[in-house]
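# Observations on chain architecture
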Amino acid sequence: MISSFVSRVIATRVGRVALVALAWILTREASNRSSGFEDGPVLCPWRLLTGYPCPGCGGIRAMGAISTGQFEQAWLLNPVAFLVCSVVLVWAFRITPLIKLAQQASIKFRSQAFAIQVITMALLYAFVWIAAIARFSSGIL
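This section reports on the structure supplied with the text.

Calculation criteria
- Residues numbered from 1 in each chain as written.
- Predicted model: local features only at pLDDT ≥ 70, side-chain atom pairs only at ≥ 80, totals over all residues.
- Heavy atoms only, no water.
- Core = buried A, V, L, I, M, F, W, Y, C linked by side-chain atoms within 4.5 Å.
- Buried < 20%, exposed > 50% of the residue type's maximum accessible area, 1.4 Å probe, protein only.
- Helix = DSSP H or I, 4+ residues; strand = E, 2+ residues; numbered from the N terminus.
- Contact = heavy atoms within 4.5 Å.
- 1 Å grid on protein atoms, 1.4 Å probe; cavity = no way out; pocket = protein on both sides within 12 Å on 5 of 7 lines; lining within 4 Å.
- Points joined across faces, edges and corners; volume = space filled by probe spheres on them.
- Axes fitted to C-alpha atoms, helices over the stretch in contact; angles between N-to-C directions.
- Parallel < 35°, antiparallel > 145°, perpendicular 65-115°, else oblique.
- Expected span 1.5 Å × (residues − 1).
- Arc of directions from axis to C-beta.
- Phe/Tyr/Trp six-rings, centres within 6.5 Å; stacked < 30°, edge-to-face > 60°.
- Lys NZ or Arg CZ within 6 Å of the ring centre and 35° of its normal.
- Nonpolar A, V, L, I, M, F, W, Y, C, P; charged D, E, K, R; others polar.

### Topic: the nonpolar core
- Residues Ala-62, Ala-65, Ile-66, Ala-74, Leu-77 and Ala-81 constitute the largest nonpolar core, which totals 6 residues.
- Looking at this core, the elements with two or more residues in it are helix H4 (59-67) and helix H5 (71-77).
- Leaving out residues up to four positions away in the same chain, Ala-81 has contacts with Gly-59, Ala-62, Met-63 and Ile-66.

Written out as C-alpha coordinates, the structure is:
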(Lines give C-alpha, C1' and ligand atoms only; values in the text may rest on other atoms or scores of the structure.)
Protein backbone atom coordinates (compact mmCIF):
# COMPACT_ATOMS: atom_id res chain seq x y z
CA MET A 1 0.00 0.00 0.00
CA ILE A 2 2.75 2.46 0.93
CA SER A 3 4.82 1.53 -2.11
CA SER A 4 1.88 2.12 -4.44
CA PHE A 5 1.29 5.53 -2.83
CA VAL A 6 4.97 6.45 -3.26
CA SER A 7 4.88 5.23 -6.87
CA ARG A 8 1.90 7.48 -7.60
CA VAL A 9 3.57 10.47 -5.90
CA ILE A 10 6.86 10.21 -7.78
CA ALA A 11 5.09 9.60 -11.08
CA THR A 12 4.27 13.31 -11.38
CA ARG A 13 6.54 16.34 -11.38
CA VAL A 14 4.41 18.04 -8.72
CA GLY A 15 4.73 14.98 -6.48
CA ARG A 16 8.51 14.79 -6.92
CA VAL A 17 8.95 18.51 -6.25
CA ALA A 18 6.68 18.29 -3.19
CA LEU A 19 8.70 15.32 -1.92
CA VAL A 20 11.98 17.20 -2.37
CA ALA A 21 10.50 20.31 -0.71
CA LEU A 22 9.37 18.21 2.26
CA ALA A 23 12.83 16.62 2.53
CA TRP A 24 14.43 20.07 2.39
CA ILE A 25 12.17 21.43 5.15
CA LEU A 26 12.78 18.40 7.37
CA THR A 27 16.54 18.57 6.80
CA ARG A 28 16.62 22.31 7.51
CA GLU A 29 14.63 21.91 10.72
CA ALA A 30 16.73 18.97 11.91
CA SER A 31 19.90 20.93 11.13
CA ASN A 32 18.68 24.00 13.00
CA ARG A 33 17.56 21.99 16.02
CA SER A 34 20.80 20.01 16.30
CA SER A 35 23.35 22.78 15.74
CA GLY A 36 24.08 21.63 12.19
CA PHE A 37 24.04 17.94 13.17
CA GLU A 38 27.03 18.53 15.44
CA ASP A 39 25.19 17.15 18.47
CA GLY A 40 25.20 13.40 18.16
CA PRO A 41 27.29 10.29 17.79
CA VAL A 42 29.42 9.31 14.81
CA LEU A 43 27.30 6.89 12.79
CA CYS A 44 29.71 5.95 9.99
CA PRO A 45 30.71 2.29 10.46
CA TRP A 46 33.97 2.77 8.57
CA ARG A 47 34.97 5.72 10.77
CA LEU A 48 33.98 3.83 13.93
CA LEU A 49 36.14 0.84 12.91
CA THR A 50 39.19 2.62 11.52
CA GLY A 51 39.10 6.15 12.88
CA TYR A 52 39.27 7.51 9.32
CA PRO A 53 36.37 8.94 7.36
CA CYS A 54 34.76 7.35 4.34
CA PRO A 55 34.05 9.44 1.20
CA GLY A 56 30.52 10.10 2.46
CA CYS A 57 31.53 11.36 5.90
CA GLY A 58 30.22 14.85 6.47
CA GLY A 59 27.54 14.38 3.82
CA ILE A 60 24.57 14.65 6.18
CA ARG A 61 26.01 17.76 7.81
CA ALA A 62 26.76 19.21 4.36
CA MET A 63 23.14 18.62 3.30
CA GLY A 64 22.02 20.37 6.48
CA ALA A 65 24.33 23.29 5.71
CA ILE A 66 23.02 23.50 2.14
CA SER A 67 19.43 23.50 3.41
CA THR A 68 20.20 26.43 5.71
CA GLY A 69 22.12 28.38 3.06
CA GLN A 70 25.61 27.83 4.50
CA PHE A 71 27.17 26.85 1.20
CA GLU A 72 30.81 27.48 2.16
CA GLN A 73 30.44 25.30 5.25
CA ALA A 74 28.75 22.62 3.14
CA TRP A 75 31.64 22.68 0.66
CA LEU A 76 34.14 22.24 3.47
CA LEU A 77 32.16 19.36 5.01
CA ASN A 78 31.66 17.35 1.81
CA PRO A 79 31.60 18.81 -1.72
CA VAL A 80 29.89 15.67 -3.03
CA ALA A 81 26.69 16.90 -1.33
CA PHE A 82 26.34 19.54 -4.06
CA LEU A 83 26.41 16.81 -6.70
CA VAL A 84 23.79 14.83 -4.80
CA CYS A 85 21.55 17.91 -4.49
CA SER A 86 21.96 18.62 -8.21
CA VAL A 87 21.00 15.07 -9.15
CA VAL A 88 17.95 15.19 -6.89
CA LEU A 89 16.82 18.51 -8.40
CA VAL A 90 17.31 17.24 -11.97
CA TRP A 91 15.26 14.16 -11.04
CA ALA A 92 12.52 16.19 -9.34
CA PHE A 93 12.10 18.75 -12.10
CA ARG A 94 12.87 16.32 -14.96
CA ILE A 95 15.25 18.79 -16.59
CA THR A 96 15.24 17.13 -20.01
CA PRO A 97 18.51 18.50 -21.50
CA LEU A 98 20.47 17.41 -18.42
CA ILE A 99 18.79 14.02 -18.33
CA LYS A 100 19.64 13.48 -22.02
CA LEU A 101 23.25 14.53 -21.35
CA ALA A 102 23.47 12.08 -18.45
CA GLN A 103 22.01 9.31 -20.59
CA GLN A 104 24.55 9.99 -23.36
CA ALA A 105 27.40 9.98 -20.83
CA SER A 106 26.07 6.74 -19.36
CA ILE A 107 25.91 5.09 -22.79
CA LYS A 108 29.45 6.27 -23.57
CA PHE A 109 30.73 5.00 -20.19
CA ARG A 110 28.99 1.62 -20.57
CA SER A 111 30.46 1.19 -24.06
CA GLN A 112 33.96 1.17 -22.57
CA ALA A 113 35.69 -2.04 -21.57
CA PHE A 114 34.77 -3.36 -18.13
CA ALA A 115 38.35 -2.86 -16.89
CA ILE A 116 38.23 0.83 -17.86
CA GLN A 117 34.91 1.21 -16.06
CA VAL A 118 36.32 -0.37 -12.90
CA ILE A 119 39.52 1.68 -13.02
CA THR A 120 37.58 4.92 -13.60
CA MET A 121 35.24 4.26 -10.68
CA ALA A 122 38.13 3.20 -8.43
CA LEU A 123 40.05 6.39 -9.26
CA LEU A 124 36.99 8.57 -8.59
CA TYR A 125 36.38 6.76 -5.30
CA ALA A 126 40.05 7.14 -4.32
CA PHE A 127 40.01 10.85 -5.16
CA VAL A 128 36.90 11.47 -3.04
CA TRP A 129 38.33 9.36 -0.21
CA ILE A 130 41.65 11.26 -0.24
CA ALA A 131 39.69 14.51 -0.11
CA ALA A 132 37.69 13.19 2.87
CA ILE A 133 40.88 12.23 4.72
CA ALA A 134 42.35 15.67 3.95
CA ARG A 135 39.23 17.32 5.40
CA PHE A 136 39.46 15.04 8.43
CA SER A 137 43.17 15.77 8.94
CA SER A 138 42.50 19.52 8.78
CA GLY A 139 39.91 19.19 11.55
CA ILE A 140 36.86 19.96 9.40
CA LEU A 141 35.10 16.61 9.95
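Next, the rest of the story.
### A short note on unusual backbone geometry
- Positive phi, normally seen in glycine, also occurs at Arg-94, with a value near 50 degrees.
- Taking relative accessible area as the criterion, Arg-94 reaches 39% and is therefore assigned partly exposed.

### Regarding the layout of surface pockets
- The calculated volume of the second largest pocket comes to roughly 320 Å³.
- Taken together, Val-20, Ala-23, Trp-24, Thr-27, Met-63, Ile-66, Ser-67, Phe-71, Cys-85, Val-88 and Leu-89 make up the lining of the second largest pocket.
- Of all the elements in the fold, those that place two or more residues in the lining of the second largest pocket are helix H2 (13-33), H4 and helix H6 (80-93).
- When residues in the lining of the second largest pocket are grouped by element, the largest group, 4 residues, is from H2.

### Some remarks on the packing of H2 against H4
- For the pair H2 and H4, interaxial distance at closest approach is 8 Å and the crossing angle is 105 degrees. As the angle between them shows, H2 and H4 are arranged roughly perpendicular. Contact residues: H2 offers Trp-24, Thr-27, Arg-28 and Ser-31, while H4 offers Met-63, Gly-64, Ala-65 and Ser-67.

### Quick word on H2
- With 21 residues, H2 extends 30 Å from end C-alpha to end C-alpha; this agrees with the ideal 30 Å at 1.5 Å per step.
- All of the buried residues in H2 are Gly-15, Arg-16, Val-20 and Ser-31. One side of H2 holds all its buried residues, which, seen down the axis, span an arc of 135 degrees. Exposed side of H2, more than 90 degrees from the buried face: Val-14, Leu-26 and Arg-33 are the residues found there.
- Taken together, the buried residues of H2 touch helix H1 (2-10), H4 and H6.
- Backbone geometry just after H2 places Ser-35 at a positive phi near 55 degrees.

### Structural notes on the packing of aromatic side chains
- Here the structure, examined in full by the defined rule, presents 5 aromatic pairs.
- Geometrically, the ring pair formed by Trp-75 and Phe-82 is tilted, given 5.7 Å between the ring centres and 45 degrees between the ring planes.
- Members of the aromatic cluster, connected to one another through ring pairs, are Trp-46, Tyr-125 and Trp-129.
- Just above the ring of Trp-24 sits the side chain of Arg-28; from NZ or CZ to the centre is 4.8 Å.

### Topic: the packing of H2 against H6
- Between H2 and H6, the least distance of the axes is 7 Å, while the angle of their chain directions is 150 degrees. With respect to each other, H2 and H6 are oriented roughly antiparallel. In this structure, H2 uses Arg-13, Arg-16, Val-17, Leu-19 and Val-20 to contact H6, whose residues at the interface are Val-88, Leu-89, Trp-91, Ala-92 and Phe-93.
- Residue classes in the contact of H2 with H6 are distributed as 8 nonpolar, no polar and 2 charged.

### Notes on H6
- Along its 14 residues, H6 runs 20 Å from first to last C-alpha, staying within 8% of the 20 Å computed at 1.5 Å per residue.
- Buried residues of H6: Ala-81, Val-90 and Ala-92, and no others.
- Following H6 by one or two positions, Arg-94 adopts a phi angle in the positive range, close to 50 degrees.

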